[in-house]
Amino acid sequence: MQPDSSPRISRTVIWLMAIISGLVVANNYYNQPLLALISNDLKISESAAGKISVLTQLGYAAGLLLIVPLGDKFLRKKLILIDLLLVFASLLWMAFASQLWMLYAASLLIGTTSVIPQLFVPIAAELSSDEERSGNIGLVMSGLLLGILLSRFIGGIVGELWGWRAMFGIAAGIMILVWIAVYKMLPEIQPNFRGTYKELMRSVAYLAKSQPILQLASFRGAMAFGSMCALFTTLVFHMEKPPFNAGSSVVGSFGLAGAVGALAAAKVGQLQKYLDLNRIIFYSLLVVLGSWAFTYFAGETYWGLIAGVILVDLGVQSSHIMNQTNYFLIKSNAVNRLNTVYMVSYFIGGSLGTWTASIAWQQAQWAGVCFVGTTMGLSALIAHLLFCRKISLN
C-alpha cells in the first residue's frame, strides 16, 4: 500500500484529523433540523426547503470529484488551508443570504468546499501499517460521522434559541480555529502525480471503470448512505406533526442517539480478527435493513425512532469503514483518486435518498419515506450477495 520508507502517522495527528473531520463535515448537515425554520422564515414549501439539503450533498459530490483528486497532485496541507478559506466564505454567505436563490447557491458551495475529511482519510490509509489501517480509518470516519450526527443536535438547539442564521455564523467562526489547527499541526505530504489536471481526471475515470472492488464498494456505500439520508432529511417534517409536535431541538437531539451507533461502529475493524471483510459488510447491511423495521412499525413512538436511528447509523458507518478498508487494499498510490470515486458515488447516493424521500413524503408521508429507505438498503445487500464472492475470487 505504501513503501516501507513512508513515515508512520502519530496517534495525535489521527485524533486531530478525526476532530477536524467532524467539525468540517458538520457544515453539510446543520441545515437538516433547520429546514422547517427556514421554510417558515422565507415562507416557502417544505419541498423547496428540502432542496437546500439536496444541493449541499450534490455540492459535496462535486467537491469530491473536482477537489479531492488534487491531493495526489499538490501539497495536501496547502490545499486544505486554501479550501478552508472557501468554506469560511460560503458559510458567511449562507448566514447573510436574504433570498432563496442565495441559500441554494451558498448551500452548493458549502457542500463543494467541505470535502477536507476526504483528504484526511487517504492520509490515514497511506501512512498507516496494514495492522493499523482499518482502525485509523475507523477513527477518522467516526469523527466524521459524529460530526454529521452532532451537527443535527447542535443545529436544532441553536436554531431554536437564536434562529437558523446564527448556526452558520458560528460555523464560520469554527472554521477559523480549524485553519489555525491545520496550519500548526498537520504534517506535509508530497504529491505523487506529475501530470496535468486533465490527465488526473482521466485517471479517476480509469479507476472507476477498471476496479471491480471499487465499483461494488461504491454502489454499496451509495445505497446505504442514501437510506440513512432518507431518514434524517424527512425526520423533522415527521416529528413536527402529531403525535410528536416536536421542535427543531428535539429533532436535532436524535443525532445523539445516532452517535451511539457511530461510536460502536468505530470498533468494527476489530471484527476482522474473527470474520472476513465481506461477512462484516453483509451483517452491517442487515442492520441497516433492520433499522427500517423499527422506523416503520414503531414510527409513531420515540423509542421506535431512537432504535431506528441507532441501528441505521451503526449499519451505515460499519459498512462504510469496511468498504474503505476494502478498496484501500488495492495496490495503487492513487489513494485520493480511489477515495474520490467511492465518495462521489457515496454522496450521489445520499442526494438520491434525500431527493426521493422528499418526493415520497409529499406523496405518501412517513410510509413512503420508509419504502425509499428500505429499497435502498435492500439494493445494497442484493448487490453485495450477487458480486462480492465473484470479485474476491478474481
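Small disclaimer: the values here were computed from a predicted structure and weren't measured.

Our next topic: the overall build of the protein. Within the protein, the regular secondary structure consists of 15 helices and zero strands. In terms of C-alpha radius of gyration, the protein reaches 20 Å, essentially the compact-globule figure of 21 Å for 394 residues. Dimensions of the protein, computed from C-alpha atoms along their principal axes, come out at roughly 60 × 45 × 35 Å. Taken across its 394 residues, the protein has 60% of its residues classed as buried. Split by element, the accessible area of the protein, about 15500 Å² in all, is 68% carbon and sulfur. Placing the 25 positive and 16 negative side-chain charges of the protein at their respective mean positions leaves the two points 6 Å apart.

This part covers the environment of Asn136. Along the chain, the position of Asn136 falls in helix α7 (residues 133–162). On the basis of relative accessibility, which here comes to 4%, the residue Asn136 falls in the buried class. In sequence terms Asn136 and Ile170 are 34 residues apart; their C-alpha atoms lie 29 Å from each other. Setting aside residues up to four positions removed in sequence, Asn136 forms contacts with Ile9, Arg11, Ile14, Ala124 and Ser128. At a separation of 2.8 Å, a polar atom in the side chain of Asn136 contacts the side chain of Arg11.

Do not read the predicted coordinates in detail wherever pLDDT is low. The predicted model of the protein has a mean per-residue pLDDT of 88, with 97% of residues at 70 or higher. Of all the helices and strands in the protein, helix α11 (residues 248–252) carries the lowest mean pLDDT, 74, while helix α13 (residues 277–297) carries the highest, 96.

Now for the packing of aromatic side chains. Evaluated as defined, the whole model comprises 15 aromatic pairs. Seen in terms of ring centroids, Phe244 and Tyr302 are 5.0 Å apart; in terms of plane orientation they differ by 80°. Their pairing is edge-to-face. Of this pair, Phe244 sits in the loop between α10 (212–239) and α11 while Tyr302 sits in helix α14 (residues 302–327), and the two are 58 residues apart along the sequence. For Phe244, a relative accessible area of 9% corresponds to the buried category. For Tyr302, a relative accessible area of 40% puts it in the partly exposed group. Pairing Tyr346 with Phe347 gives two aromatic rings, centres 5.5 Å apart and planes at 65°, and the pair type is edge-to-face. For Tyr346, a relative accessible area of 6% corresponds to the buried category. Overall, Phe347 belongs to the buried group, its relative accessible area being 2%. Each residue in the set Tyr60, Phe225, Tyr327, Phe328, Tyr342, Tyr346 and Phe347 is aromatic and connected to the rest through ring pairs, giving one cluster. The aromatic ring of Tyr183 is capped on one face by Lys77, whose charged end is 5.8 Å from the ring centroid.

Turning our attention to the packing of helix α3 (residues 46–66) against helix α5 (residues 100–113). Running from N to C, α3 and α5 cross one another at 35°; their axes reach a closest spacing of 6 Å. Crossing handedness for the pair α3 and α5: right-handed. Seen from α3, the contacting residues are Ala48, Lys51, Ile52, Leu55, Thr56, Leu58, Gly59, Tyr60, Ala62 and Gly63; seen from α5, they are Leu103, Tyr104, Ser107, Leu108, Gly111 and Thr112. Here the contact of α3 with α5 is composed, by residue class, of nine nonpolar, six polar and one charged.

Note on placement: Gln32 falls in the loop between α1 (11–25) and α2 (35–42). Taking relative accessible area as the criterion, Gln32 reaches 2% and is therefore assigned buried.

Next up on the list: the nonpolar core. Ranked by size, the top nonpolar core spans 131 residues in total, and within it Met17, Phe120, Phe168 and Phe347 carry the most contacts. When residues in this core are grouped by element, the largest group, 18 residues, is from helix α15 (residues 335–393). The residues touching Phe347, leaving out its near neighbours within four places in the chain, are Tyr29, Gln57, Tyr60, Ala61, Leu64 and Phe225.

What counts and how
- The numbers attached to residues start from 1 for each chain and follow its sequence in the written order.
- Residues qualify for local features only when their pLDDT is at least 70, as the model is predicted, and side-chain atom pairs are given and counted only at 80 or more; totals for whole chains, interfaces and linings, by contrast, use all residues.
- As a rule here, side-chain values cover all heavy atoms of the structure and leave hydrogens and water aside.
- Starting at the N terminus, helices and strands are each numbered in turn, a helix being any DSSP run of H or I of at least four residues and a strand any DSSP run of E of at least two.
- The quantity called the radius of gyration is restricted to C-alpha atoms. Its globule counterpart is 2.2 Å times the number of residues to the power 0.38.
- Only protein chains enter the accessibility calculation, which uses a 1.4 Å probe; a residue whose area is less than 20% of its type maximum is buried, one above 50% is exposed, and one in between is partly exposed.
- What sets the accessible areas is the Shrake-Rupley method with a 1.4 Å probe; for residues, cover comes only from the shown protein chains.
- Only four residue types enter the charge count, namely Lys and Arg as positive and Asp and Glu as negative; His and the chain termini do not.
- Each charge is placed at NZ for Lys, CZ for Arg, CG for Asp and CD for Glu.
- Whether two residues are in contact is decided by their heavy atoms: any pair within 4.5 Å suffices.
- Between N or O atoms, a polar contact is any pair within 3.5 Å; within protein, one atom must be a potential hydrogen donor and the other a potential acceptor, and residues adjacent in sequence are included only when both atoms are from side chains.
- For every residue, the predictor reports its confidence as pLDDT, a number between 0 and 100.
- Stacked, tilted and edge-to-face pairs are distinguished by plane angle, under 30 degrees for stacked and over 60 for edge-to-face with tilted covering the rest, among Phe, Tyr and Trp rings (Trp via its six-membered ring) whose centres lie within 6.5 Å.
- Lysine and arginine charges are scored as sitting over a ring when NZ or CZ, respectively, is within 6 Å of the ring centre and within 35 degrees of the ring normal.
- Convention adopted: a line fitted to C-alpha atoms gives each axis, helices being fitted over their contacting stretch, and angles between N-to-C directions are expressed from 0 to 180 degrees.
- Crossing handedness follows the turn of the near helix against the far one: under a right angle anticlockwise gives a left-handed crossing, and clockwise gives a right-handed one.
- Note that Gly is not counted as nonpolar here; it falls among the polar residues with everything else outside the nonpolar set of Ala, Val, Leu, Ile, Met, Phe, Trp, Tyr, Cys and Pro and the charged set of Asp, Glu, Lys and Arg.
- Definition used in this section: a nonpolar core is a set of buried Ala, Val, Leu, Ile, Met, Phe, Trp, Tyr and Cys residues joined via side-chain atoms within 4.5 Å.

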